[in-house]
Amino acid sequence: MQLLTTPSEPAYVTVISPPCAGGDDTKQTDTGLESFDFFHDKEKEKEDDLHKSYNDRSYLSSEDMGPGESRSDFVSLLTGSTGLWSSNGVARARFSLTRTSLAFSITYQRMDRPSKIAFLDSDGNSAFEYRVPKGQSEMICGVWKNLAKPLMRQLQSEQMRVRMTTSAGRREDVEGKIIKHRALFAETFSSTLTSEEENSGMGGIAMLTLSDTENNLHFILIMQGLIEHKDKELLVVPISVQLVYRQHILREVRANVSTHDPDFAEVLTDLNSRELFWLSRGQLEIAVVTEGQDPRQISGFITGRKTCDTLQSVMSSGDALTPSKTGGVGSAIFSLHDNGTLDYQVQVAGVTSDVVGLTIELKPRRRNKRSLLYDLTPEFNKATGRAVGSWSRLEARHIHMLLQNELFINVATAHNQDGELRGQIKALLYTGLEAPRHELPTLLAGQYVSPPVRTGASGHAWVSVDKQCHLHYEIVVTGLSKADDLTMNAHLHGLAEIGEMDDSSATHKRLLTGFYGSQAQGVLKDISVELLQHLDQGTAFIQVSTKLNPRGEIRGKVHIPNNCEFGTRGDMEEAEFDDLFVKDPEELKKDPHTCFFENQYHAHGSRWIPSYDKCFSCSCQKRTVICDPVICPVLTCSKTIQPEDKCCPVCDERKDPKDIKAPERVDENPDGCYFEGDQKMHAPGTTWHPFVPPFGYIKCAVCTCKGSTGEVHCEKVTCPVLTCSHPVRRNPSDCCKECPEEDRTPAGLEHSDMMQADGPRHCKFGKHYYQNSDNWHPWVPLVGEMKCINCWCDHGVTKCQRKHCPVVTLATCSNITRKEGSCCSECGDSKEEDQDHPMMKVPDKRRTWRQ
């Protein structure tokens, strides 16, 4: 048996056929090698069989991603086989890791809709839980945001597992290991294999793809529970892999697999036209059957690859076969069904002349030699600029190319017969935002900028307002030339009334984000009432600016009906994703990272105000509760009041507004700064102490909002020169030390550190704070003061050591006693017992106490 292995992937067993009379079995083995290598080669070779198009930028392979857009893909097979019971359910999960977010798409069969998905770390503890929203879809979409670096390392090293549970109880649970797999890059068809047996615990997944130029179907199978074995000894089992159409076996491959590695790769060569047709219609099945006295079988239909990603395209004049700058835009979204039908919605605007052709095409093999696949022109309505319909005759090759980002959509006009706009059809990664991707997005074009801009760029944006009145947005931009491809900024504008306000006004202008590349997404939480009203009335627009066009490169009008007449509901902000996370106290008790504080359980990462003091903010960080004092902002008004339910004073708004110097409204200034730590906008010129979870407010730093650039600049606090010999910090959270009243000396007599923020820091032990070099006996609940333990503060680190007692034996002393409150036994015969025995002195502080 020959094993194919890679450093970071599970081993795959090649197919080994029993030798036939007069035959040779090497062809079968070589075929398995060829199939496995094919998935690897697909990652490196993308367009060798095609000539360069006239406009090279019109084609981007799926690995050509912008800075910050790199991703890693993972897969998991979830089955219900455990030591105590087995279930019927089988699920397949696909994961995409970008930066610190893990998006997942999960399909499941032969089980009820799951209620919860749990990610388990290397110790089997729940690292993240996602509550599945109710619905009828067999696809579950979600995002795990802000993965900690240790968990990201576990994910990359394949040490994590995923578990799905249903409301029916643990007998319906399915679980699987999350693994990397290069086949995910080339996969265009997939299958989930299940068993007809009750409570079999068997299942499998197949990842399939077509050769680029030949009709060869490559596939890799991953299986669980098919081979029964009670011990750990190696067992080789013969199996048959079949390609089936309506219970008729079309192809069959016999192979041997082992209990340790029940997975393998294979290729079915030269599929005929009927097999390719059935493949495109989702009518082919792949089945695996064990041979022997007690045969077992799993099977499933082969369909186009399923994920939560969105097939979409932005058409621009800069990406046309003959690039130009017309300021027009085109946008399209697609949905592929299991039967091979492709639904499409297309919209076009801002073109220089009438649209005369709307087609889906291949990449041209030669200059001016377009390869048309499907004509959408009959469905195009010139009055609305839209085309809506279905393409029901996709071939298997077309599906393969569609899911490999190898198809394009072209818009021809009367003045540009070969195409004024063109765009690549690509999958847009699921982000978890509440953006209505099933609807046509807002068009972003240079023609909509005031005054219009003749640009080769265009874009589209999905925008929505949720029940907390937070704005979700996703923006895709294309068509910028290399000279234009600089840092871009997206703004959301609101016009008071169309035609009444000068368009150059910056009133109600809000920065959404700055981004580099082709995509931007996020959530805007603190929106003014005026801006929400403009969104409701349709008098708002999104604009993308570049350094070449700082007053707008492309723009689009936004209309989002909403009921946010009172503005953003900040009191509900922390409940934004409550419906996605498990809050059941019983579930929290089971989580090893949960904190117990003031007779309540708090989830890891949560924040709250403790009942004992409203001027503190607490957070839970892996069983540790961290409470920081709230730092109140500096008020600029002449008179303040102290609300009973608040920690910080506020301006007294009952006074004459002329007497109050109100802080500048952030939402009315176009150059506000957004700080990730406190997730708030700050007005230009304002300063504040940054809040950095989980550390709280950092008093040794001051941040400033630079209004001209929108950048946040943070600096270390420079402490004043002190003249006393023993400076102290009045509060543990203070950055700089002060001289105590009784120890102040004239300036210049003694010198202290210029930068006390770098000096010795205090230690916290229990509920007490200690200065550097302080000594104490620790106090333990239910025991009291531990006088036999000495602790000291060493530059912010608490160190403890047990006292060393002299050796006292009956051979040297006839009366061994221990006095109350003493640590060591003493000899009652000794009259000169030295209480300060050398062995009783405070130990060398360079040593630490180790129990």
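Residues numbered from 1 in each chain as written. Predicted model: local features only at pLDDT ≥ 70, side-chain atom pairs only at ≥ 80, totals over all residues. Heavy atoms only, no water.

Undergrad: Requested: an account of the overall build of the protein, with residues and values cited.
TA: In terms of regular secondary structure, the protein is built from seven helices and 61 strands. Sorting the 851 residues of the protein into buried and exposed places 48% on the buried side. (Helix = DSSP H or I, 4+ residues; strand = E, 2+ residues; numbered from the N terminus. Buried < 20%, exposed > 50% of the residue type's maximum accessible area, 1.4 Å probe, protein only.)

Undergrad: An account of the state of the cysteines is needed here, citing residue identities and associated values.
TA: Following the criterion strictly, the structure yields six disulfides and no others. Here Cys469 is linked by a disulfide to Cys564, with a sulfur-sulfur distance of 2.0 Å. Note on the Cys469 and Cys564 pair: the S-S dihedral is about -95°, so by sign convention the disulfide is left-handed. Residue Cys469 is located in the loop between β32 (458-465) and β33 (471-478), and its partner Cys564 is located in the loop between β38 (554-558) and α7 (585-590); the two are separated by 95 residues in the primary sequence. Each member of the pair, Cys469 as well as Cys564, is classed as buried. At a sulfur-sulfur separation of 2.0 Å, the disulfide partner of Cys595 is Cys620. The sign of the S-S torsion, about 85°, decides the handedness of the disulfide formed by Cys595 and Cys620: right-handed. One end of the pair, Cys595, is in strand β39 (residues 595-597); the other, Cys620, is in strand β42 (residues 616-621), and 25 residues separate them in sequence. In this structure, Cys595 and Cys620 share a single accessibility class: buried. (Disulfide = S-S within 2.5 Å.)

Undergrad: Quick rundown of the packing of aromatic side chains? Include the residues and the values.
TA: As enumerated under the stated definition, the model contains 13 aromatic pairs in all. Feature note: the residues Phe95, Phe104, Phe119, Phe128, Tyr130 and Trp144 constitute an aromatic cluster, connected by ring pairs. Above the ring of Phe541, the side-chain terminus of Arg555 is found at 3.6 Å from the ring centroid. (Phe/Tyr/Trp six-rings, centres within 6.5 Å; stacked < 30°, edge-to-face > 60°. Lys NZ or Arg CZ within 6 Å of the ring centre and 35° of its normal.)

Undergrad: Give a detailed account of empty space enclosed by the protein, specifying residues and quantitative values.
TA: On inspection of all chains with the given rule, the structure shows four cavities of 30 Å³ or more. Looking at the largest cavity, its volume works out to about 50 Å³. Together, Arg71, Arg94, Phe95, Ser96, Ala103, Phe104, Ser105, Thr307, Asp309 and Leu429 line the largest cavity. Secondary-structure elements contributing two or more residues to the lining of the largest cavity are β4 (86-98) and β5 (101-109). The residue makeup of the lining of the largest cavity, split by class, is four nonpolar, three polar and three charged. (1 Å grid on protein atoms, 1.4 Å probe; cavity = no way out; pocket = protein on both sides within 12 Å on 5 of 7 lines; lining within 4 Å. Points joined across faces, edges and corners; volume = space filled by probe spheres on them. Nonpolar A, V, L, I, M, F, W, Y, C, P; charged D, E, K, R; others polar.)

Undergrad: Hey, could you go over helix α4 (residues 273-280) for me, with residue numbers and the actual values?
TA: Looking only at α4, the buried set comprises Glu275, Leu276, Trp278, Leu279 and Ser280. Put simply, Asn272 is the residue that caps the front of α4, since its side-chain oxygen is 3.1 Å from the backbone nitrogen of Arg274. Looking one or two residues beyond α4, the residue adopting positive phi is Gly282, at roughly 70°. (Polar contact = N/O pair within 3.5 Å; in protein donor to acceptor, adjacent residues only side chain to side chain.)

Undergrad: With reference to specific residues and values, describe helix α6 (residues 529-537).
TA: Because the α-helix completes a turn every 3.6 residues, residues three or four places apart line up on one side. Three or more residues of α6 are buried, namely Leu531, Leu532, His534 and Leu535. Seen end-on, α6 carries its buried residues on one side only, within an arc spanning 155°. Gly538 occupies a position one or two residues after α6 and carries a positive phi of about 80°. (Arc of directions from axis to C-beta.)

Undergrad: Now, about unusual backbone geometry: what can you tell me, with residues and values included?
TA: The omega angle of the peptide bond from Ser450 to Pro451 is -5°, so this bond is cis rather than trans. Checked against the element boundaries, Pro451 lands in the loop between β31 (442-445) and β32. Located in the positive-phi region is Gln247, a residue other than glycine, with phi close to 70°. Secondary-structure assignment places Gln247 in the loop between β15 (236-245) and β16 (248-258). A residue is classified by how much of its surface remains accessible, and Gln247, at 76% relative accessible area, is exposed. Positioned with a positive phi, Cys469 is a non-glycine residue whose angle comes to about 65°. We classify Cys469 as buried; its relative accessible area is 0%.

Undergrad: Outline the confidence of the model for the protein, listing residues and values.
TA: Taken residue by residue, the protein gives an average pLDDT of 76. The fraction at 70 or more is 71%. Confidence over residues 45-68 falls short of pLDDT 50; this stretch has 57 contacts with residues more than four positions distant or in other chains. Of the regions scoring below 50 in pLDDT, residues 657-670 engages in 28 contacts with residues more than four places distant in sequence or in other chains. (pLDDT = per-residue confidence, 0-100. Contact = heavy atoms within 4.5 Å.)

Undergrad: Please set out the sheet that holds strand β52 (residues 711-716) residue by residue, giving values where relevant.
TA: Strands sit in the order β48-β51-β52 across an open sheet of three strands; the sheet is antiparallel. The open sheet has two edge strands with one neighbour each: β48 (687-688) and β52. Of the strand pairs in this sheet, β48 and strand β51 (residues 701-706) are connected by two bridges, and their pairing is antiparallel. For Thr687, the partnering residue across the bridge sits in β51 and is Thr704. (Pairing = 2+ DSSP bridges.)

Undergrad: For the sheet that holds strand β27 (residues 386-391), give the residues involved together with the corresponding values.
TA: A sheet is described by the order of its strands in space; here six strands give the open sequence β26-β27-β23-β22-β21-β30, paired in antiparallel fashion. If you trace the sheet from one side to the other, it starts and ends with β26 (380-381) and β30 (426-428), each paired once. Two strands pair when backbone bridges link them, and β26 and β27 are joined in this way by two bridges, in the antiparallel orientation. Considered in β27, the bridge of Asn381 is made with Arg386. Across the sheet, helix α5 (residues 396-403) lies against β21 (310-315), β22 (329-336), β23 (342-349) and β27, angled at about 120° from β22, the strand it touches most. (Axes fitted to C-alpha atoms, helices over the stretch in contact; angles between N-to-C directions.)

Undergrad: Go over the nonpolar core, please, and point to the residues and values.
TA: Ranked by internal contacts, the top residues of the largest apolar core, which has 57 residues, are Leu221, Leu279, Val288, Phe334 and Val346. Sequence-distant contacts of Val346, that is, excluding residues within four places in its chain, are made with Met315, Ser331, Ala332, Leu358, Leu376, Gly385, Arg386, Ala387, Ile409 and Leu440. By size, the runner-up hydrophobic cluster in this structure holds 28 residues, among which are Ala91, Ile117, Val132 and Val174. (Core = buried A, V, L, I, M, F, W, Y, C linked by side-chain atoms within 4.5 Å.)

Undergrad: I'd love a proper account of the side chain of Ser191, names of residues and values included.
TA: In this fold, Ser191 is placed in strand β12 (residues 189-193). Within the local environment of Ser191, its side chain forms a polar contact with the backbone oxygen of Gly300, the two atoms lying 3.2 Å apart. Residue contacts for Ser191: discarding those within four places in its chain leaves Gly204, Ile205, Ala206, Leu208, Ile286, Gly300, Phe301 and Ile302.

Undergrad: Account for the environment of Ile205, with residues named and values stated.
TA: Tracing the sequence through the fold places Ile205 in strand β13 (residues 203-210). Take Ile205: its relative accessible area is 1%, and that puts it in the buried class. A sequence separation of eleven residues divides Ile205 from Thr194, and the C-alpha atoms of the two residues are 8.9 Å apart.

Undergrad: Describe the pattern of salt bridges, naming the residues involved and giving the relevant values.
TA: Scanning the entire structure with this criterion turns up 18 salt bridges. The salt bridge involving Asp418 is made with Arg370; its shortest N-O contact spans 3.9 Å. Of this pair, Asp418 sits in the loop between β28 (408-413) and β29 (421-424) while Arg370 sits in strand β25 (residues 369-375); the two residues are 48 residues apart in sequence, bridging distant segments of the chain. On the basis of relative accessibility, which here comes to 42%, the residue Asp418 falls in the partly exposed class. (Salt bridge = Lys/Arg side-chain N within 4 Å of Asp/Glu carboxyl O.)

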